[in-house]
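Single-letter residue listing:
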Amino acid sequence: MIPAAFDYQRADSADEAISLLTEHGDEAKLLAGGHSLLPLMKLRLAAPSVLVDVGRLDDLRYVRDEGDHVAIGALTRHRDLETDALLATEVPLLAHAAGEVGDPQVRHRGTFGGSLAHADPASDLPAVLLALGGTLVARGPGGERTIAAGDFFEGFLESALAPDELLTEIRVPKCPGAGWSFQKFNRRAQDWAIVGVAAVVGDSVTGVGLVNMGSTPLYAAGVVDALGQGADAASAADRATEGTEAQADNNASVEYREHLARVLTRRALEACGR
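The model shown is predicted, which means the values in this text are computed figures rather than measured ones.

A. A look at a nonpolar patch on the surface. A contiguous nonpolar patch, built from Met1, Leu43 and Leu45 and spanning about 390 Å² of accessible area, is present on the exposed surface. Structurally, leucine 45 is set in the loop between helix H2 (37-42) and strand S3 (50-53).

As structure tokens, this is what we get:
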């Protein structure tokens, strides 16, 4: 498939990217790694008239120790997350899950910020960020603002980012010593998850995120509530489908997805030591 015609502009700084977004409004889309946007354009599900390329903004590609959290530049690639020594020690769930995204080609080109901004409920890393209780930093013409992960995903492929805002950083609380697990069920290793579960259980953070169980990435509040009341893994996992809106497709029925959510949540919690 061939995408519709578009103009291409490469930004040399974050401020220039924001200026171009402000100039072109809803007609513009940011291009980073391209593994989320370009397939949509080829299918004509997205047809921006202007692509603003931010892929060479190296100042938005980093992993930094910021005391109680790790700061990650939005253009940090999945492979960089997977192999980063700081994340392996302080946020191992994120490092591991990044290594489960797609295939090597996707991991070497796709970016953390691009995956989050795309807001695909079938994507792995949004659910991981929800489980970890992360925060996103957006910059626009009016300055910088922070958005809690729980407020960021608003609808199917819709986020809280304004059309003239650029996602610049993701802040993830440290959770050394916490139990963690990422469980994903798919037909082939590089496929989207039919259902996935990200879980972390520790003294400083307890959270569970669900992949492909609704129109947005979901936080399993019922499971976390049950854990807080002392429930074991099986009992807490029974609440995994609360508040979900699983959809039927060629891969799974609603009932099958709900069954997988409970099974994978139990496995994840057991792996966390519950």
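B. The pairing of strand S5 (residues 69-73), seen in detail. Across the five residues of S5, five count as buried, placing the element largely inside the fold. On S5, burial covers both faces: His69, Ala71 and Gly73 on one face and Val70 and Ile72 on the other are all buried. Looking at chain direction, S5 and strand S10 (residues 166-173) are connected through five bridges and run antiparallel. Bridged to isoleucine 72 within S10 is isoleucine 170.

C. The sheet that holds S10, seen in detail. One open sheet accounts for five strands, arranged S4-S5-S10-S6-S7; its pairing is antiparallel. Single-partner strands in this sheet number two, and they are strand S4 (63-65) and strand S7 (143-148). When strand polarity is set aside, the average angle formed by the axes of neighbouring strands in this sheet is 25°. Along the sheet, helix H1 (residues 14-24) contacts strand S6 (135-140) and S10; its crossing angle with S6, the most-contacted strand, is approximately 70°.

D. Structural view of the packing of aromatic side chains. Under the definition given, this model contains two aromatic pairs. A centroid spacing of 5.1 Å and a plane angle of 90° characterise the contact between phenylalanine 152 and phenylalanine 153, whose relative ring orientation is edge-to-face. In terms of burial, phenylalanine 152 and phenylalanine 153 fall into one category: buried. The ring of tyrosine 62 has arginine 64 lying over it, and the distance from NZ or CZ to the ring centre is 3.7 Å.

Conventions used here
Residues numbered from 1 in each chain as written. Predicted model: local features only at pLDDT ≥ 70, side-chain atom pairs only at ≥ 80, totals over all residues. Heavy atoms only, no water. Patch = residues over 30% accessible without salt bridge, like charges linked within 9 Å, V, L, I, M, F, W, Y side chains within 5 Å. Areas by Shrake-Rupley, 256 points an atom, 1.4 Å probe, with all protein chains shown as cover. Salt bridge = Lys/Arg side-chain N within 4 Å of Asp/Glu carboxyl O. Helix = DSSP H or I, 4+ residues; strand = E, 2+ residues; numbered from the N terminus. Buried < 20%, exposed > 50% of the residue type's maximum accessible area, 1.4 Å probe, protein only. Pairing = 2+ DSSP bridges. Axes fitted to C-alpha atoms, helices over the stretch in contact; angles between N-to-C directions. Contact = heavy atoms within 4.5 Å. Phe/Tyr/Trp six-rings, centres within 6.5 Å; stacked < 30°, edge-to-face > 60°. Lys NZ or Arg CZ within 6 Å of the ring centre and 35° of its normal.

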